[in-house]
Amino acid sequence: MNKGLIKRFVPVILFMTALQGWTLSIPLFGSILGPSAASAGVDPAEAATVFLSGYALSFAGWGVLLHRRRRTIGRLLPALTSGCLILCAALSLSLLVLDGSAWPAVFGAMGLFASLPSLSWLYMLTRCVPFAQIGLALGVNGMLVSFVRYFFPIISDRIPPQAGIAIVSALPLVAVYILLRIRQELTGEHAGWDADRDSRQQPGHSGVNPVPVIVFIFVIFLLGGIMYQVVEPFMQEFGSHTIYYQTIPYVLAIPLAGWIIDRRGFRLAMALGVVLLGLAYTTFAFSTSFPAAVAGNTLIQIGFAVLDVFVLYALAAVSSPDRRFLVTGIGLGFYILSIRLGTELNALVVPYSNGNYIVVYLTALFILLISVLLIHWVSDFEPREIEKRQRLEKLGTYYEEKDAELREARQVQAGMLRAQWRLPPGIEAAVMTESAKEVGGDFYDLIPLDGRRALFAVGDVTGKGLAAALVMSKMIGLLRSEAYYGHSLTEIVEHMNRMLLREPEEMAMVTLGLALVDRESSSVTYVSAGHVAPYIVRGGSAEALDTHSLPLGIDEVLRPWSGKVVMEPGDLFVMYTDGVLDLENGGGERFGLDRFEQLLSEAGEGGDPELALKRIVDAFNRFGAVTDDTTLLLIRMNGG
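(A) Spatial organisation of helix H14 (residues 290-318). In a regular helix each residue adds 1.5 Å, so 29 residues correspond to 42 Å; H14 covers 41 Å between its end C-alpha atoms and thus fits that length. Of all 29 residues in H14, 23 are buried; the element is thus mostly enclosed.

(B) Main features of the pairing of strand E9 (residues 572-576). Taking burial as the measure, the five residues of E9 include five buried ones, the bulk of the element. Here E9 shows no split at all, with Leu572, Val574 and Tyr576 on one side and Phe573 and Met575 on the other all buried. Across three bridges, the pairing between strand E6 (residues 535-538) and E9 is antiparallel. Bridging across to E9, isoleucine 536 finds its partner in phenylalanine 573. Across four bridges, the pairing between E9 and strand E10 (residues 630-637) is antiparallel. Within E10, the residue paired with phenylalanine 573 across the bridge is isoleucine 635.

(C) The packing of aromatic side chains, seen in detail. Counted under the stated rule, the structure contains 14 aromatic pairs. Arranged with centres 5.8 Å apart and planes meeting at 80°, the rings of phenylalanine 218 and phenylalanine 334 form a pair that is edge-to-face. Separated by 116 residues along the polypeptide, phenylalanine 218 in helix H11 (residues 211-235) and phenylalanine 334 in helix H15 (residues 324-349) bring together distant segments of the chain. On the accessibility criterion, phenylalanine 334 (35% relative accessible area) is partly exposed. Seen in terms of ring centroids, phenylalanine 591 and phenylalanine 620 are 5.3 Å apart; in terms of plane orientation they differ by 90°. Their pairing is edge-to-face. Of this pair, phenylalanine 591 sits in the loop between E9 and helix H20 (592-603) while phenylalanine 620 sits in helix H21 (residues 609-623), and the two are 29 residues apart along the sequence. Phenylalanine 620 shares its class with phenylalanine 591; the two are buried.

Reading the values: the criteria
Residues numbered from 1 in each chain as written. Predicted model: local features only at pLDDT ≥ 70, side-chain atom pairs only at ≥ 80, totals over all residues. Heavy atoms only, no water. Helix = DSSP H or I, 4+ residues; strand = E, 2+ residues; numbered from the N terminus. Expected span 1.5 Å × (residues − 1). Buried < 20%, exposed > 50% of the residue type's maximum accessible area, 1.4 Å probe, protein only. Pairing = 2+ DSSP bridges. Phe/Tyr/Trp six-rings, centres within 6.5 Å; stacked < 30°, edge-to-face > 60°.

Quick look at the structure:
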């Protein structure tokens, strides 16, 4: 796991740990709230039931709302999430001052506001964690939440109830702080989250039918709700050690469950969870001994650890980016609703069991049988979908790595092209270059030779991209080496041609123009190897030199064109690559040679190379887009 992934992975996990730690301790009536509830005359089960009802309904409501308004509300989601978290903290603190009659309304309001942060968290998870590691992330999150759930009951007997409520109420605020810290990581340069943008970034994933997964979630956790109170008498066997027997198996199993799901898919998790629950309920049906209670509880905790990871993993897997909020909202709503209904059905089933819970166990086994059938239903698509999602993610990772490599190559290439130079007095120059891709084959160089002379070069490697950039880097190295040895321009071109031909694997041609500017004689000696003709801009007109020769890399015997011109004060010597002529506007029209000559004539008045270059670049930008690597070099001798 690289540093960038850890930087995104850890805050997302801590966000949900804080949120769920608060949920398990306050709305779901952790032991830290017990003394205050007793003094207020509040029934914990009744208050938790009100919370669960609001929690389940609001999941579906938020999911539908965010889906319908995803083009606009996505950008407000961080603010909405922070607002809900702050309201949750305020509502839990209000329990310190409100009497018992107001508690049901407070718990209902908590349910309405606590669901949106959970939806936001699942959205964060799918954005910040690679799909191949989501199961592990969910497992680690479940383990940390269990530690929080384990920690607060331990301290509840050691601190005043009011202090305990205040401490737990701070957890949503911790989640707000984490959200603010990672918001830039999630949004990049944008001001909010954009579900449509996610859809465009993952065009290969269209989602699948989520109904089988949601039905399975509802059925299996309905069973959990029914059996919750049935197994409670067996937990009394543990006495004061109940919390250890209930927590430790779950904590140990849930990260392992996430790791397994990442590698084998959630079909195995569904089957494993069902088998473990079936074994647990069978154990309780045949024995009420302490060993049976230990074995049955361990199986239940491991089974629900696997199924808890499965719920979030499966909802992430079956929801396409453009309907993620809808599917996860409805799915989590059914998840909570199934637990809520299970407790109600338990009250109907248990009285008819005549104290031996036979009816309950038969009901449990019947639901398990339905779950097995649902596993078969879900498995029709799950392996293909997981494989496709992982393939797309690997492909996306590959392209991200290649983009990063190209950005680094662009920086290296830019470093090879001189951004600053010290020319001999009286010689001025201005240059621009732009690649059609991340890196390109155009190059230039400005090499001071002594106090009166400077060598200027403009070249163009055939092709674009990384291959052309590699050849370009070799050409610059050869050029500088040849220039510093004091060779003539013709010798430099001939030597570079032979070096290029000695490496046939390059299979590249290079056009090259060299201009030796001599301030003392006010002359420019120009040598061309297949390069586009340079211009002299003089007196409001642009005149091209008549240069004809072959490029480098074609023939061992190369006869470059050579000529010499005398520069007058105010004249500009212009070297460029053919990408200048290939600019295209929206109608597909090329910039062309005629426009370029006219532009040079107009922009070159006054002879200032910097000002002339700015005018030319502005005209390029107004005309159209770069379709080929483009370089432009303007030289003037001012007689200084």
